Amino acid sequence: MKKVFTSCSLGDAYSVKMLLEAEGIESMIRNESLLQGQATVDGHPSVWILDDSLLEAAKSIVSRCASSEGRPCGRSWKCPKCGELHDPQFAACWQCGTDRPDEQ
Ligand SMILES: [Zn+2]
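Cut-offs and rules
Residues numbered from 1 in each chain as written. Predicted model: local features only at pLDDT ≥ 70, side-chain atom pairs only at ≥ 80, totals over all residues. Pairing = 2+ DSSP bridges. Helix = DSSP H or I, 4+ residues; strand = E, 2+ residues; numbered from the N terminus. Core = buried A, V, L, I, M, F, W, Y, C linked by C-beta atoms within 7 Å. Buried ≥ 20, exposed ≤ 12 C-beta atoms within 10 Å, placed from the backbone. Expected span 1.5 Å × (residues − 1). Arc of directions from axis to C-beta. pLDDT = per-residue confidence, 0-100. Contact = placed C-beta atoms within 7 Å.

**Focus on the pairing of strand S3 (residues 46-49)**
Across four bridges, strand S1 (residues 2-6) lies against S3 in antiparallel orientation. When the sheet's bridge partners are listed, Lys2 is paired in S3 with Ile49. Pairing of strand S2 (residues 27-30) with S3, which is carried by four bridges, proceeds in the antiparallel orientation. Note on S3: the bridge partner recorded for Ser27 is Ile49.

**Focus on the nonpolar core**
Counting ten residues, the largest nonpolar core is built from Val4, Phe5, Ala13, Val16, Leu20, Val47, Ile49, Ala58, Ile61 and Val62. For this core, the secondary-structure elements that each account for two or more residues are S1, helix H1 (10-22), S3 and helix H2 (55-69).

**Examining H1**
An ideal rise of 1.5 Å per residue puts 18 Å on 13 residues; H1 measures up with 18 Å between its terminal C-alpha atoms. Restricting attention to buried positions, one finds in H1 the residues Asp12, Ala13, Val16, Lys17 and Leu20. The arc that holds every buried residue of H1, seen down its axis, measures 140°, which confines them to one face. Among the exposed residues of H1, those pointing more than 90 degrees away from its buried face are Gly11, Met18, Glu21 and Ala22. Just downstream of H1, Gly24 is the residue with a positive phi angle, here 85°.

**Here's the deal with the confidence of the model for the protein**
For the protein, per-residue confidence averages 80 on the pLDDT scale, and residues scoring 70 or more make up 76% of the total. Contacts from residues 35-41, a stretch scored under 50 in pLDDT, to residues over four places away or in other chains number seven contacts.

Next comes the structure, spelled out in C-alpha cells:
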C-alpha cells in the first residue's frame, strides 16, 4: 500500500478516493475515525492505494484534484532527503519518493 494524499478534511479525502476509484484504482482511507474528535498531530485522514504499481497514475490524479479543489492544511513541507519543497496536501516527495514526515 502507498499513501497518496493527506488532508485535514475527511471530505477531501473522500473526493480523492472517489476520483481514484472512478479511474479504477482501489483505495482506502486511514484515520477517518479520528475525525470525530479533535484532529491530532498524526490524525489527518489519508488516502492509500492498494496496488503499489498504480502509484504514478494515482499521483497524477491526486495532483489534478488537489490543485482544483483541495484545501491544503498545515504548511508547505521540505523533503528531509532531497530538500524539495512541497505543498501541504502532498503525502510524499515527487522528487525522490520519500514519505512526508508525520510531524508538521
Ligand atoms: Zn525528496
